Amino acid sequence: MSSKRDYGQFCGLAGALNVIGERWTLLVVRELLIGPTRFTELIDNLPGIGPNLLADRLRSLVEQGVVEQQPVPGDGRARQYALTEVGAQLGPPVLALARWGLRFLDETDSSSATRARWGFLAVQAMVQEDRIPDVDEVYEFRVADQVFSIAVASGAVAFGRGSVAAPDLAVECDTDTFVKIGARMLSPLQAIATGAVKISGSEDAVKRCIRMLDLS
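Residues numbered from 1 in each chain as written. Predicted model: local features only at pLDDT ≥ 70, side-chain atom pairs only at ≥ 80, totals over all residues. Heavy atoms only, no water.

Looking at the pairing of strand β2 (residues 75–83)
Two faces belong to every sheet, and in a regular strand the side chains alternate between them. Which entries qualify depends on this criterion: At least two bridges found by DSSP between two strands is the condition for calling them paired. Only DSSP runs of H or I covering at least 4 residues are called helices, and only runs of E covering at least 2 are called strands; the numbering of each starts at the N terminus.
Taken together, the 6 bridges between strand β1 (residues 67–72) and β2 define a ladder with antiparallel strand orientation. Of the residues in β2, the one forming a bridge with Glu68 is Ala82. Linking two consecutive strands that pair antiparallel, namely β1 and β2, is a turn of 2 residues; a positive phi of about 85 degrees is found at Gly74 within it.

Take a look at the structure:
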């Protein structure tokens, strides 16, 4: 077994931190919440971690039953990492923590590393359950080279990756703009006015989406 911190406390929170409390571990989980990922892709999307440290974090998560290795479809020799059923349960708390953490971002952070793929989780973290529209519609987001969507139906939301047919609202922007809007450094209306965000869709759909994401 890998050596890891043990808080030595008979407490659920301490037990959780024994597993995911080490530096970088939750960011590894973030990447795997987006989808199964190869080791080299994790290195690319976690600048600064280093291969040895990443290998150690993955090894620990595998030992704890949070992560598993899987074959890569179409490549029998390659392996990728994915969350187990237990690991996938980290989704809601990680999204809640991401939403909480947005308030601490400021302009000094805007020069730090960012990835368009993180937008897929960021938009999930921003959804306010009590503000889901009472109409059925689909919002598509194009953040740099990544495309994802929110489908609203019967008062519930579903998230998808990739393009959708005939979205009711389409939003296009670069990664920095998307993060700044989520962190409330920039309002959607300001971004639209300056051309940093391009939209197509009805004005009502725009208003409903902004309200649901608590960006008004």
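A word on the packing of aromatic side chains
Aromatic ring pairs: the centre-centre distance and the angle between the two ring planes describe each pair. Put simply, the rule is: Whether two aromatic rings pair depends on their centres lying within 6.5 Å, for rings of Phe, Tyr and Trp, where Trp uses its six-membered ring; planes under 30 degrees apart make the pair stacked, over 60 edge-to-face, and the rest tilted. Under the scheme applied here, a residue whose accessible area is under 20% of the maximum for its type counts as buried, over 50% as exposed, and between as partly exposed, the area being computed with a 1.4 Å probe on protein chains only. Only when the NZ of Lys or the CZ of Arg is both within 6 Å of the ring centre and within 35 degrees of the ring normal is a charge said to sit over the ring.
A complete count under the given rule lists 5 aromatic pairs for this structure. Seen from their ring centres, Phe141 and Phe148 are 5.8 Å apart, and the 15 degrees between their planes marks the pair as stacked. Ring centres 6.1 Å apart and planes at 80 degrees place the aromatic pair Phe148 and Phe178 in the edge-to-face group. Residue Phe148 is located in strand β4 (residues 146–153), and its partner Phe178 is located in helix α8 (residues 175–182); the two are separated by 30 residues in the primary sequence. The same class applies to Phe148 as to Phe178, namely buried. What links up through ring pairs into an aromatic cluster is the set Phe120, Phe141, Phe148 and Phe178. For the cation-ring pair, Arg30 lies above Trp118, with the distance from its terminal atom to the ring centre recorded as 3.9 Å.

Some thoughts on the side chain of Gln124
For the record, the criterion: Throughout, a contact is declared for two residues whenever any of their heavy atoms are within 4.5 Å.
Counting through the fold element by element, Gln124 comes out in helix α7 (residues 119–126). Overall, the relative accessible area of 16% leaves Gln124 in the buried class. Discounting residues that sit within four places of it in the chain, Gln124 has contacts with Leu95 and Phe159.

Some details on the layout of surface pockets
Worth spelling out the cut-off: Detection works on a 1 Å grid of protein atoms alone, calling trapped sets that fit a 1.4 Å probe cavities and calling open sets with protein on both sides within 12 Å along at least five of seven lines pockets, with lining residues defined by an atom within 4 Å of a point. Grid points are joined across faces, edges and corners, and a volume is the space filled by probe spheres set on the points.
The volume enclosed by the largest pocket comes to roughly 950 Å³. If you go around the largest pocket, you meet 31 residues; those closest to its centre are Leu27, Arg30, Ala98, Leu105 and Trp118. Within the residue set of the lining of the largest pocket, elements represented by two or more residues are α2 (25–34), α6 (91–101), α7 and α8. Taken as a whole, the second largest pocket spans an internal volume of roughly 160 Å³. Around the second largest pocket, the lining residues are Arg99, Leu102, Arg103, Met126, Gln128, Gly182, Ala183, Arg184, Leu213 and Asp214.

Structural notes on the sheet that holds strand β5 (residues 156–161)
For clarity, the threshold we go by: Axes here refer to lines fitted to C-alpha atoms; in helices the fit is confined to the stretch in contact. Angles between the N-to-C directions go from 0 to 180 degrees.
The 5 strands are arranged β5-β4-β3-β6-β7 in an open sheet whose pairing can be described as mixed. The open sheet has two free edges, formed respectively by β5 and β7 (197–201), since each of these has just one partner strand. Averaged over all adjacent pairs, the angle separating strand axes in this sheet is 15 degrees, with direction ignored. Judged from the 5 bridges that link them, strand β3 (residues 137–143) and strand β6 (residues 169–173) form a sheet pairing that is parallel. For Arg142, the partnering residue across the bridge sits in β6 and is Glu172. Sheet contacts for helix α10 (residues 203–212): β3, β4, β5, β6 and β7; angle to β3, the most-contacted strand, approximately 75 degrees.

Honestly, it's all geometry; don't read function into it.
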